[in-house]
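Reading the structure
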Amino acid sequence: MDAVVTVAVRLVNTLTAGEAHGRPYAPPQGAALLAAVSAALRIDPRGRPRVSAREAAELSKVAQALRAVFVSFASGDVDAAAWQVNTMLAETGARPQLDRHDGEPWHVHFHGAEESLAEGYAAGCATGLAIVLGSEARDRLGVCTAPRCDRVYVDTSRNGTRRFCSTSCQNRVKAAAFRARSVNQVNQR
């Protein structure tokens, strides 16, 4: 499940507008969008036909729905997060299936009823988030707490205390705190 939840994070952070690392973030458009979606899905363009414009647009909508799960959970509204995941599961008709590909052993994939690229990823990501939300690992979902950043993450650290989407945001917050302490020390003299 960690793989599809990681894909959910990459889709949200790549395809939804907001703020990232202290700056406004706008999702890529046009050809850059197609490349960004391929990168988020870790699709090697040499191994599969490129992502189509229609698929990229559908995955952008999926990313908006996935963002709602992270935002609801981070704000303490677990019921809204669960409702959103259940809606996605119902809309995609997510169903488990054993698959084997690329020389790997049999493993579980979750497919949608129509089996389009976007629906397949939506079904898998929704199922992964459902499993996380329904387990003790639910506290591992988050939205960056750094000022001017709303990127999402899954905390895979050993102690489960992650608060930032990246070391870049963590360093920005630590540097700002250091500067504030230095200014306070100077003002107290």
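Rules used in this analysis
Residues numbered from 1 in each chain as written. Predicted model: local features only at pLDDT ≥ 70, side-chain atom pairs only at ≥ 80, totals over all residues. Heavy atoms only, no water. Helix = DSSP H or I, 4+ residues; strand = E, 2+ residues; numbered from the N terminus. Buried < 20%, exposed > 50% of the residue type's maximum accessible area, 1.4 Å probe, protein only. Contact = heavy atoms within 4.5 Å. Areas by Shrake-Rupley, 256 points an atom, 1.4 Å probe, with all protein chains shown as cover. Axes fitted to C-alpha atoms, helices over the stretch in contact; angles between N-to-C directions. Parallel < 35°, antiparallel > 145°, perpendicular 65-115°, else oblique. Left-handed = near helix turned anticlockwise from the far one by under 90°. Nonpolar A, V, L, I, M, F, W, Y, C, P; charged D, E, K, R; others polar. Salt bridge = Lys/Arg side-chain N within 4 Å of Asp/Glu carboxyl O. Expected span 1.5 Å × (residues − 1). Patch = residues over 30% accessible without salt bridge, like charges linked within 9 Å, V, L, I, M, F, W, Y side chains within 5 Å. Core = buried A, V, L, I, M, F, W, Y, C linked by side-chain atoms within 4.5 Å. 1 Å grid on protein atoms, 1.4 Å probe; cavity = no way out; pocket = protein on both sides within 12 Å on 5 of 7 lines; lining within 4 Å. Points joined across faces, edges and corners; volume = space filled by probe spheres on them.

Here the focus is the overall build of the chain. Secondary structure summary: the chain contains six helices and six strands in total. Reading the secondary structure of the chain in the N-to-C direction produces α-β-β-α-α-α-β-β-α-β-β-α. For the chain, buried positions account for 39% of its 189 residues. The contacts in the chain between residues at least 6 apart in sequence include a share of 52% that link residues at least 24 apart. As displayed, the chain has an accessible area near 10900 Å², and 55% of this comes from carbon and sulfur atoms.

Two quantities define a packed helix pair, namely the angle between the helix axes and the distance between the axes. Direction vectors running N to C along helix H3 (residues 53-74) and helix H4 (residues 78-92) enclose 155 degrees, while the axes themselves pass 7 Å from each other. One way to sum up the angle between H3 and H4 is to call them roughly antiparallel. Handedness of the crossing formed by H3 with H4: left-handed. Where H3 abuts H4, its residues Val62, Ala65, Leu66, Ala68, Val69, Ser72 and Phe73 lie against Val78, Ala80, Ala81, Gln84, Val85 and Met88. Its residues placed into classes, the contact of H3 with H4 shows 11 nonpolar, two polar and no charged.

Overall, the coordinates contain five salt bridges when judged by the stated rule. In this structure, Arg54 and Glu58 form a salt bridge, with 2.7 Å as the shortest nitrogen-oxygen distance. Within this pair, Arg54 and its partner Glu58 are both found in helix H3, separated by four residues, close to a single helical turn. Of the charged contacts in the structure, one is a salt bridge between Arg140 and Asp155, with a shortest N-O distance of 3.9 Å. Of this pair, Arg140 sits in the loop between helix H5 (117-133) and strand S5 (141-143) while Asp155 sits in the loop between strand S6 (152-154) and helix H6 (167-188), placing them 15 residues apart in sequence. Because the salt bridges share partners, they merge into one network encompassing Arg67, Asp150 and Arg151.

Turning our attention to helix H2 (residues 30-41). For H2, built from 12 residues, the straight-helix expectation of 16 Å at 1.5 Å per residue is met to within 8% by its first-to-last C-alpha distance of 17 Å. All of the buried residues along H2 are Leu33, Leu34, Ala36, Val37, Ser38, Ala40 and Leu41. Packing partners of the buried residues in H2 comprise helix H1 (2-15), H3 and H5.

Another point: a nonpolar patch on the surface. Taken together, the side chains of Leu98, Trp106 and Val108 make up a nonpolar region of the molecular surface, amounting to roughly 330 Å² of accessible area. Looking at the element boundaries, Leu98 is found in strand S3 (residues 95-99).

Mapped onto the elements of the fold, Arg67 is located in helix H3. When the C-alpha positions of Arg67 and Leu15 are compared, they lie 9.7 Å apart, and in sequence the two are 52 residues distant. Sequence-distant contacts of Arg67, that is, excluding residues within four places in its chain, are made with Val12, Asn13, Thr16, Ala17, Asp150, Arg151 and Val152.

Ranked by internal contacts, the top residues of the largest apolar core, which has 38 residues, are Leu11, Leu66 and Leu141. Counting only elements with at least two residues in this core, the list comes to H1, H2, H3, H4, H5, S5 and S6. Considering every element that reaches this core, the biggest residue donor is H3, with nine residues. In contact with Leu141, not counting residues within four places along its chain, are Val5, Phe70, Phe73, Leu129, Val132, Leu133, Tyr153 and Val154. Counting six residues, the second largest nonpolar core, distinct from the first, contains Cys144, Cys149, Phe164 and Cys169.

Attention now moves to the layout of surface pockets. When its volume is computed, the second largest pocket comes out at roughly 210 Å³. Contributing to the lining of the second largest pocket are 13 residues, with Glu58, Val62, Glu91, Thr92 and Ala122 lying nearest its centre. Listing elements by their share of the lining of the second largest pocket, those giving two or more residues are H3, H4 and H5. Residue composition of the lining of the second largest pocket, by class: six nonpolar, three polar and four charged.

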